[in-house]
Every structure is written in C-alpha cells, then in structure tokens.
Amino acid sequence: MNQLTRRQRQILDFLRDTPDKFPYPPTLDELCAALGMASRGSLHKHISALIEAGLVEPFAGQKQGGIRLTALAQRDEADREQGLPFVGRIAAGRPIEAVETVRYMVVPEVLKSDKPCYVLQVKGDSMIEAGIFDGDWVVIEQRSYAHNGEIVVALIEKTEATLKYIEQEPDKVLLIPANASLAAMAYRPEQVEIQGVLVGQMRSYRSSLTK
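Everything quoted here is computed from the prediction, not taken from an experiment. (Residues numbered from 1 in each chain as written. Predicted model: local features only at pLDDT ≥ 70, side-chain atom pairs only at ≥ 80, totals over all residues. Heavy atoms only, no water.)

## Let's talk about the pairing of strand 3 (residues 84-91)
Phase 1 of the analysis: By the criterion of burial, strand 3 is predominantly enclosed, with six of the eight residues buried.
Phase 2 of the analysis: The pairing of strand 3 with strand 4 (residues 104-105) spans two bridges and is classified as antiparallel. Across the sheet, Leu84 pairs through a bridge with Met105, a residue of strand 4.
Phase 3 of the analysis: As judged from the four bridges shared by strand 3 and strand 5 (residues 117-123), these two strands associate in the parallel manner. If you follow Ala91 over to strand 5, its bridge partner there is Lys123. (Buried < 20%, exposed > 50% of the residue type's maximum accessible area, 1.4 Å probe, protein only. Helix = DSSP H or I, 4+ residues; strand = E, 2+ residues; numbered from the N terminus. Pairing = 2+ DSSP bridges.)

## With respect to helix 1 (residues 6-17)
Phase 1 of the analysis: With twelve residues, helix 1 ought to run about 16 Å at 1.5 Å a step, and its terminal C-alpha atoms sit 16 Å apart, in line with that.
Phase 2 of the analysis: All of the buried residues along helix 1 are Gln8, Arg9, Ile11, Leu12, Phe14, Leu15 and Arg16. (Expected span 1.5 Å × (residues − 1).)

## Here we look at the nonpolar core
Phase 1 of the analysis: One finds Ile11, Leu15, Leu31, Leu43, Ile47, Val56 and Ile67 to be the most contacted residues of the largest nonpolar core, which totals 19 residues.
Phase 2 of the analysis: Mapped onto this core, the elements with two or more residues apiece are helix 1, helix 2 (28-35), helix 3 (40-52) and strand 2 (66-69).
Phase 3 of the analysis: With sequence-adjacent residues up to four places away left out, Ile47 is seen in contact with Ile11, Leu28, Leu31, Val56 and Ile67.
Phase 4 of the analysis: Core analysis: the second largest hydrophobic core is formed by 15 residues, Leu120, Met127, Val138 and Val153 among them. (Core = buried A, V, L, I, M, F, W, Y, C linked by side-chain atoms within 4.5 Å. Contact = heavy atoms within 4.5 Å.)

Here it is, written out as structure tokens:
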C-alpha cells in the first residue's frame, strides 16, 4: 500500500472516529462540509485514491450514496490499536532507505519492550550469523542511543537506514555485519543517527516457502 497523503489520512481518520455522527455513511457533500473542504472535485480525487487502496467503498443503501470504511480498513484499525507500526524494509546488507507505509502489525507482548516500538522487515543476508534472515520482521525499540554490541537501526547521513551491530568510539562508529564474508562499515559519529535497538524478531515460514 502506498503512503497516504495528509488529506487522505484525515478523511480516513474522520470516517473511523465519527461512526455515530451520521445515520448513514456520509456523502461527499457532508464530508466536504465536515472537513472544511471547498472543492468537491478535490475530495472526489482523494476518495478515489482511498477506494483504489481498498480502504473505503461507496455505500448504495441511501438515496444520495455515501462513503464507508472497507473491512480491510476496519481490520487495520483494530491492528493499529493492538499492534505496532510497520514502517518498511531495511537492509541487512547494503544500506537502503526505510520507507514509511501505512500498516500495523500485532506483535506478541514478549517480543516488545515497555518503550515505544516499531516493526521493520529485513532485506538481505548480512545478519544471518545472528539468526536474522531475509524476510524476517524485527521489533525495534525506538531510542537514540545504544550500548556497544547491540543490534541497531542506524540512519546514515540522514538518508539511508541499515540493521547492524554497533561499536562506538570517540572518533568513529563501526556498523558491523553478522556475516563473515562482509566487512564492517566505519563512519564519523556525526554521520550516524541511532533510531532504535533490536528487541524482538518474527519469521513466517509460509512466506519463505513461497519465495
């Protein structure tokens, strides 16, 4: 699913947060008025994108028609209340950008910490000797510091994120793979921003068998 725009998220949140405001799913005119939008055409464009994403659907049970959440959007909302944000894929090899997406995953309590956490999916094989394989999901405790030897999400030059062991010295930061065929990457401290520390891991054998 592509990342929603601010306005699309606003429409979706409105439909989720105000189910009792209208006797039937709201029409485009009612949504325009409720959201303070002057252009019905602009709203229609956002609604069309949400329909294409499978998050809303037309409702024909009233004379003027209306817009309501799909079962997928309602299920995503339940996951959001119980789960952790899934924010994309991260390299366990060469650094790549971790792209934020709109999705939540239910994660067992034993795999989380008591701090804010999020989920990333691993891409690559540079952490295989730590038991982290391509396609695994990792649970990351969101914090900006780490102890040497921990596995971290490191943002490099504010553009690319990678999953590696970390070793910090006064004049350099080493990001170390768990794969004997790969070398550590060295950076100046100001080049590396810690975005979290690994606290849990999940794997789907079904997806690995179907690759």
